[in-house]
Amino acid sequence: MATTADHIANFLAHLALERNLSPRTCDAYGRDLRQLAAWLEVEKLSLDAVDRPAIRGYLGARRDAGLSARSAARALATIRSFYRFLVRTGVLARDPTTDLRSPSLWRTVPHALSTEEIEALLAAPDTGTPLGLRDRAMLETLYATGLRVSELVGLTVDRVRLDPGFVRVVGKGRKERLVPLGGAAVAWIERYQLRARPALDRLRAPELFLNHRGHPLTRQGFWKILRQHGQAAGIRSQLSPHVVRHSFATHLVENGADLRAVQMMLGHVSLTTTEIYTHVARERLRRLYDEKHPRA
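My aim in this report is to walk through the structure given alongside it, one point at a time. (Residues numbered from 1 in each chain as written. Predicted model: local features only at pLDDT ≥ 70, side-chain atom pairs only at ≥ 80, totals over all residues. Heavy atoms only, no water.)

Further remarks concern the overall build of the chain. Each helix and strand counted, the chain has 14 helices and three strands in total. If one aligns the C-alpha atoms of the chain with their principal axes, the spans along those axes are about 65 × 65 × 35 Å. Restricting to contacts in the chain with at least 6 residues of sequence separation, those with at least 24 account for 59%. Accessible surface, the chain as shown: approximately 15700 Å² in total, 51% of it carbon and sulfur. Taking the average location of the 45 positive side-chain charges in the chain and that of its 30 negative ones, the two points are 4 Å from each other. (Helix = DSSP H or I, 4+ residues; strand = E, 2+ residues; numbered from the N terminus. Contact = heavy atoms within 4.5 Å. Areas by Shrake-Rupley, 256 points an atom, 1.4 Å probe, with all protein chains shown as cover. Lys, Arg positive; Asp, Glu negative; His and termini not counted. Charge placed at Lys NZ, Arg CZ, Asp CG, Glu CD.)

A few words on the packing of helix H11 (residues 241–254) against helix H12 (residues 259–266). For the pair H11 and H12, the least separation of the axes is 10 Å and the interaxial angle reads 160 degrees. Here H11 lies roughly antiparallel to H12, going by the angle between them. Here the hand of the crossing between H11 and H12 comes out right-handed. Every residue of H12 that contacts H11 at Arg245, Phe248, Ala249, Leu252 and Val253 is listed here: Leu259, Val262, Met265 and Leu266. Within the contact of H11 with H12, the residues separate by chemical class into eight nonpolar, no polar and one charged. (Axes fitted to C-alpha atoms, helices over the stretch in contact; angles between N-to-C directions. Parallel < 35°, antiparallel > 145°, perpendicular 65-115°, else oblique. Left-handed = near helix turned anticlockwise from the far one by under 90°. Nonpolar A, V, L, I, M, F, W, Y, C, P; charged D, E, K, R; others polar.)

Next up on the list: helix H10 (residues 219–232). Taking 1.5 Å per residue, 14 residues should reach 20 Å; H10 reaches 20 Å between its end C-alpha atoms and fits that length. Along H10, the positions that sit buried rather than exposed are Gly221, Phe222, Trp223, Ile225, Leu226, His229 and Gly230. Glycine 234 sits one or two positions beyond H10 and adopts a positive phi of about 80 degrees. (Expected span 1.5 Å × (residues − 1). Buried < 20%, exposed > 50% of the residue type's maximum accessible area, 1.4 Å probe, protein only.)

A separate point is helix H8 (residues 183–195). With 13 residues, H8 ought to run about 18 Å at 1.5 Å a step, and its terminal C-alpha atoms sit 18 Å apart, in line with that. Those residues of H8 not exposed but buried are Ala185, Val186, Trp188, Ile189 and Tyr192.

If you walk through the whole model with that rule in mind, you get six aromatic pairs. Judged by centre distance (5.4 Å) and plane angle (55 degrees), the rings of phenylalanine 11 and phenylalanine 85 are tilted. A residue pair is termed long-range when its members are at least 10 positions apart, and phenylalanine 11 in helix H1 (residues 4–17) and phenylalanine 85 in helix H4 (residues 69–88) qualify at 74 residues. Residues phenylalanine 11 and phenylalanine 85 agree in their burial class; the two are buried. Three or more aromatic residues link up through ring pairs in this structure, and these residues are Phe11, Tyr29, Phe82, Tyr83 and Phe85. The side chain of arginine 191 reaches across the aromatic face of tryptophan 188, ending 4.2 Å from its centre. (Phe/Tyr/Trp six-rings, centres within 6.5 Å; stacked < 30°, edge-to-face > 60°. Lys NZ or Arg CZ within 6 Å of the ring centre and 35° of its normal.)

This part covers unusual backbone geometry. Residue proline 164 is reached from aspartate 163 by a cis peptide bond, and omega for that bond is 25 degrees. Even without being a glycine, lysine 44 presents a positive backbone phi close to 55 degrees. In the Ramachandran plot, arginine 204 falls in the positive-phi region, its phi being about 55 degrees despite a non-glycine side chain. Here arginine 204 shows up in the loop between helix H9 (197–200) and H10.

Attention shifts here to the packing of helix H6 (residues 130–145) against H8. Between H6 and H8, the shortest axis-to-axis distance is 8 Å and the interhelical angle comes to 150 degrees. Regarding the angle of H6 to H8, the classification is roughly antiparallel. Of the two possible hands of crossing, H6 and H8 adopt the one that is left-handed. Here H6 contributes Leu133, Arg134, Arg136, Ala137, Glu140, Thr141 and Ala144 to the contact with H8, which in turn contributes Ala184, Ala185, Trp188, Ile189, Arg191, Tyr192 and Arg195. Here the contact of H6 with H8 is built from residues that sort into eight nonpolar, one polar and five charged.

A one-sided burial pattern is seen for strand S2 (residues 166–170), the buried positions being Val167 and Val169 and the unburied ones Phe166, Arg168 and Val170. Alignment of strand S1 (residues 160–161) against S2, held across two bridges, turns out to be antiparallel. Of the residues in S2, the one forming a bridge with arginine 161 is phenylalanine 166. Counting the residues in the hairpin turn of S1 and S2 gives four residues, including glycine 165, whose phi is positive at 100 degrees. Relative to strand S3 (residues 176–180), S2 runs antiparallel, the two sharing five bridges. Across the sheet, the residue bridging to phenylalanine 166 is proline 180, located in S3. (Pairing = 2+ DSSP bridges.)

This model, assessed by the stated rule, comprises one cavity of 30 Å³ or more. Of the voids in this model, the largest cavity is the one considered here, and its volume is about 30 Å³. Taken together, Thr4, Ile8, Leu33, Leu36, Ala37, Leu40, Leu47 and Phe82 make up the full set of residues lining the largest cavity. At the level of secondary structure, the elements contributing two or more residues to the lining of the largest cavity comprise H1 and helix H2 (23–43). In terms of residue count, the dominant contributor to the lining of the largest cavity is H2 (four residues). (1 Å grid on protein atoms, 1.4 Å probe; cavity = no way out; pocket = protein on both sides within 12 Å on 5 of 7 lines; lining within 4 Å. Points joined across faces, edges and corners; volume = space filled by probe spheres on them.)

The structure is reproduced here in structure tokens:
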């Protein structure tokens, strides 16, 4: 049975031999598709199981890792061409990219976990072990701050201030921002630093969160950790660091947070990016109106 790598190789040969595209263009297509294939492997998805939400999830994860809207649009164009080729050659029966809009135009309602799902996720790690204590501290930090996954795994000890409860984050473009830490996150980070990190810190690494060998965790490593605890928590919807980041912002807005403050905490350059959460504010106003107005 042909593998994803085989289908990518066939597609690239088609581009070079039948469409006569330049080697540089074929290389760009190949890079985009190999990144997609790596993500599908992590997510345990086959080519025929991919649907629109999966493609949106992939591009959202890439965007969260620093991909620009222009690069995301190019990646989507590559994926669209690839799937059209697979359908045309009879490998697949359907094209999940049909009518999918360019990422630069997306203003999608973000998927957010419920507060009950968040509580179950946070409680999933076994905090009786060093790695479980680390996982709990990471999950608490992610939900308390809404950091991008690259920002979370790159967080260094010297950038964490448990008193008064802030993290100093280096985000896109090497721009720094201060993000508050809630009391629960502060408590779990403190426990991790006292009871677990010394046993893991064999290499004197500056990063806060370390793997069992003492190396900093990678983005892929944290994805696996999150997926494992999501399964243990019974979360059936697609779960990624990006989803937890969205949940952080959504829950803030649901409870009355100002969009400008959410923008600053998320590290969005433009308020326009944060405005995808205005639907949350509208729904909250609708609920308040229905609950409080005598003639609602």
